[in-house]
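Per-entry structural report
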Amino acid sequence: RVETRATFIAALAEFRPDLILSDYWMPMFDGMEALAVATELAPGTPLIIVTGSVNEETAVECIKSGAVDYVLKGHLGRLAPAVRAALERRRADAEQRAAAGRLFGAPNPRDLLGLPLLERVHPAFRDMERERVRRIADRGIVAEPLEEVLLRLDDTPFDADVVGVPFSHEGQPATLIFVRDITQRKRAEAERALLGAA
């Protein structure tokens, strides 16, 4: 439990919490400031704002700034479900990061943060994928799965199904990319084709 910015920073340096609960109003510190500090020093740690009262604009500001939820003090029965949902989401995010790390050959999934996916597309497919991402963002349509060759971090190629889904990030059109390794399937198809030819 902390009450000031300095003690919050010190606490984050001592241990990595699974979740942070913050009051919206505190005498020497507030929830939005705690959220900014947590985003910088403990990225990925869910933060729930607990407040005595909040209007719709403030609630939207909390969520847009990165809070996973907010709970009114008059409705604390919602706190346990909010905590459970935040922890389950964190676990799912960690599993996705681990899967992405395995997929691209990154021992530490954090090595993938900030890495443009187009750099991991084989040069033979890069222009086509760049154009496809642009069309998805411009038209707001889900792209059909496309078989491509992607590159692991050591530049080893692998076959993949790639699907693009439009979404909005901070008010800007963006594309969410789903990648599935199909190397084994492609290998089995090639073996069947060879057997058929034989």
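Residues numbered from 1 in each chain as written. Predicted model: local features only at pLDDT ≥ 70, side-chain atom pairs only at ≥ 80, totals over all residues. Heavy atoms only, no water.

What follows covers the overall build of the chain. Scanning the chain for helices and strands turns up 6 helices and 6 strands. The C-alpha atoms of the chain give a radius of gyration of 22 Å, which is well past the 16 Å a tight globule of 198 residues would have. By its C-alpha atoms, the chain is 80 × 40 × 30 Å across when sized along the principal axes. Looking at the chain residue by residue over its 198 residues, the buried ones come to 28%. Put simply, of all contacts in the chain between residues at least 6 apart along the chain, 49% involve residues at least 24 apart. Within the structure as shown, the chain displays about 12800 Å² of accessible surface, and the carbon and sulfur contribution to it stands at 56%. Of the charged side chains in the chain, 26 are positive and 31 negative; the average position of the first set lies 3 Å away from that of the second. (Helix = DSSP H or I, 4+ residues; strand = E, 2+ residues; numbered from the N terminus. Rg over C-alpha atoms; globule rule 2.2 N^0.38 Å. Buried < 20%, exposed > 50% of the residue type's maximum accessible area, 1.4 Å probe, protein only. Contact = heavy atoms within 4.5 Å. Areas by Shrake-Rupley, 256 points an atom, 1.4 Å probe, with all protein chains shown as cover. Lys, Arg positive; Asp, Glu negative; His and termini not counted. Charge placed at Lys NZ, Arg CZ, Asp CG, Glu CD.)

On to the sheet that holds strand E3 (residues 69-72), then. One open sheet holds the 3 strands; their spatial order is E1-E2-E3, and the pairing between them is parallel. Of all strands in the sheet, those bounded by a partner on one side alone are strand E1 (20-23) and E3. Neighbour to neighbour, the strand axes of the sheet diverge by 25° on average, direction disregarded. Both E1 and strand E2 (residues 47-51) contribute to a ladder of 4 bridges, which runs parallel. Residue pairing for E2: Ser22 is matched across the bridge by Ile49. (Pairing = 2+ DSSP bridges. Axes fitted to C-alpha atoms, helices over the stretch in contact; angles between N-to-C directions.)

Turning next to the pattern of salt bridges. According to the stated counting rule, one finds 14 salt bridges in the structure shown. Asp69 is the partner of Arg78 in a salt bridge, and the nearest nitrogen-oxygen pair spans 2.9 Å. The exposure class assigned to Arg78 is partly exposed, which follows from its relative accessible area of 38%. Among the residues examined, Asp69 registers a relative accessible area of 18% and is labelled buried. When the shortest N-O distance is used, the salt bridge between Glu147 and Lys186 registers 2.9 Å. (Salt bridge = Lys/Arg side-chain N within 4 Å of Asp/Glu carboxyl O.)

A few words now on helix H5 (residues 123-139). Structurally, the α-helix is built with 3.6 residues per turn, so residues lying three or four positions apart point the same way. In a regular helix each residue adds 1.5 Å, so 17 residues correspond to 24 Å; H5 covers 25 Å between its end C-alpha atoms and thus fits that length. Residues of H5 that are buried include every one of Glu129, Arg132 and Ile136, and no others. Looking one or two residues past H5, Gly140 carries a phi angle of roughly 65°, positive in sign. (Expected span 1.5 Å × (residues − 1).)

So, on to the packing of helix H1 (residues 5-14) against helix H2 (residues 31-41). Put simply, H1 and H2 touch, their axes get as near as 11 Å, and they point 25° apart. Comparing their axes, H2 and H1 come out roughly parallel. Judged by the twist between their axes, the crossing of H1 over H2 is right-handed. The segment H1 lies against H2, with Arg5, Phe8, Ile9 and Leu12 engaging Glu33, Ala34, Val37, Ala38 and Leu41. Residues belonging to the contact of H1 with H2 are distributed by class as follows: 7 nonpolar, no polar and 2 charged. (Parallel < 35°, antiparallel > 145°, perpendicular 65-115°, else oblique. Left-handed = near helix turned anticlockwise from the far one by under 90°. Nonpolar A, V, L, I, M, F, W, Y, C, P; charged D, E, K, R; others polar.)

Below, the discussion takes up helix H4 (residues 79-104). The end-to-end C-alpha distance of H4, which contains 26 residues, comes to 37 Å, matching closely the 38 Å that a straight helix rising 1.5 Å per residue would cover. Restricting attention to buried positions, one finds in H4 the residues Ala82, Ala86, Gly101, Leu103 and Phe104. Remark: Gly105 follows H4 within two positions and exhibits a positive phi of approximately 70°.

Quick look at a nonpolar patch on the surface now. Judged by side-chain polarity, Phe167, Leu176 and Phe178 come together as a nonpolar surface patch covering roughly 270 Å² of accessible area. In this structure, Leu176 sits in strand E6 (residues 172-181). Residue classification places Leu176 among the partly exposed residues on the basis of a relative accessible area of 38%. (Patch = residues over 30% accessible without salt bridge, like charges linked within 9 Å, V, L, I, M, F, W, Y side chains within 5 Å.)

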